[in-house]
Amino acid sequence: MARWVCLRCFEANDDAFPACQSCGLARGERPASDDAATPGTPAAAAGQPAGSTRRNLLGILARFWWVIPIAVIGLGGLLFNAQRDDGGEITRSGDLAVTDLQVGDCFDVQDDTAEEVDDVTARPCSEPHQYEMMFVGDLPEGDYPSDAAFEAWLDENCLPAFSDYVGTSYQESALEILWFQPTEDGWDEGDHSVQCAVYDPSDNELTASLRGSNR
């Protein structure tokens, strides 16, 4: 790695730094006759010019500018994403991709009017929520399914799953089913998953799981 030597304190500096990291003298600049220092002289004793610390800091930031955005993004993930325990149960509310929902997850849709949903707000089932995931499956390979083919798939998969999960058949239940299906663009990119959730149309602030509720 290329390095340069400060003409005031004779310390070696990385080639990326525009000023000496020991005394702050700009690269290539010669010190004033009364500002010279012997090697190893502390910056303050060598008459470090005002603002040199700021220049040094800016030099460091210029070299490592990518650290700040990554740190912010990482912190944002910690602050806003849902978290699970070792058993996979959601323990803290937060954003979660629809495709990351698992059977038993409780959640709310962030925008009920949106035609496409990428993320939901996942919640512990003990916290007020509207929906609960009961089944996740994949559509068969091939062309994007027609509405009729998709409805047939739901009848064959989500309705039996509803009975197994809730404890009573869909036809006899007061509960309803919400599902997410891939868009055509998503299908072309390999997303063939379907998520089926159960909810109570009369209560959008459930505080307990509907699994085995026989409702």
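Everything discussed here concerns the structure shown above.
Tallied over the entire structure, the rule returns 3 salt bridges. One salt bridge connects Asp105 with Arg84, and the closest N-O pair in it is separated by 2.7 Å. Remark: Arg84 occurs in strand 3 (residues 83-84) and Asp105 occurs in the loop between strand 5 (94-97) and strand 6 (106-109); sequence separation between them is 21 residues. Residue classification places Arg84 among the partly exposed positions, given a relative accessible area of 27%. The partner of Arg123 in a salt bridge is Asp108, and the shortest N-O contact between them spans 2.7 Å. Taken together, the residues span a long stretch of sequence, with Arg123 in strand 7 (residues 119-123) and Asp108 in strand 6 at a distance of 15 residues. Accessibility expressed as a relative area gives 23% for Arg123, which makes it partly exposed. With relative accessibility at 15%, the residue Asp108 sits in the buried group.

Chemically, a disulfide is nothing more than a covalent bond linking the sulfur atoms of two cysteines. Tallying each qualifying case throughout the model produces 2 disulfides. Disulfide pairing places Cys106 opposite Cys125 at an S-S distance of 1.9 Å. Here Cys106 and Cys125 share a disulfide; its torsion about the S-S bond, 90°, makes the bridge right-handed. Here Cys106 is found in strand 6, whereas its partner Cys125 is found in the loop between strand 7 and strand 8 (131-138), with 19 residues between them in sequence. Of the two residues examined, Cys106 and Cys125, each falls in the buried class. Across a sulfur-sulfur distance of 1.7 Å, Cys158 and Cys196 are joined as a disulfide pair. Every disulfide takes its handedness from the sign of the S-S torsion; for Cys158 and Cys196 that torsion is 55°, giving right-handed. Residue Cys158 is located in helix 3 (residues 147-166), and its partner Cys196 is located in strand 10 (residues 193-199); the two are separated by 38 residues in the primary sequence. As far as the burial class goes, Cys158 and Cys196 line up, both buried. If the cysteines joined by disulfides in the chain are listed in sequence order, their pairing comes out as 1-2, 3-4.

Moving on to the pairing of strand 6. The side-chain alternation of strand 6 yields two buried faces, one formed by Cys106 and Asp108 and the other by Phe107 and Val109. The pairing of strand 6 with strand 7 spans 4 bridges and is classified as antiparallel. Pairing of Asp108 across the sheet is with Thr121, part of strand 7. Relative to strand 8, strand 6 is paired through 2 bridges, and the arrangement is antiparallel. Counterpart to Cys106 in the pairing with strand 8 is Glu132.

Cut-off values and rules
Residues numbered from 1 in each chain as written. Predicted model: local features only at pLDDT ≥ 70, side-chain atom pairs only at ≥ 80, totals over all residues. Heavy atoms only, no water. Salt bridge = Lys/Arg side-chain N within 4 Å of Asp/Glu carboxyl O. Helix = DSSP H or I, 4+ residues; strand = E, 2+ residues; numbered from the N terminus. Buried < 20%, exposed > 50% of the residue type's maximum accessible area, 1.4 Å probe, protein only. Disulfide = S-S within 2.5 Å. Pairing = 2+ DSSP bridges.

Interpretation in functional terms is not warranted from these geometric data alone.
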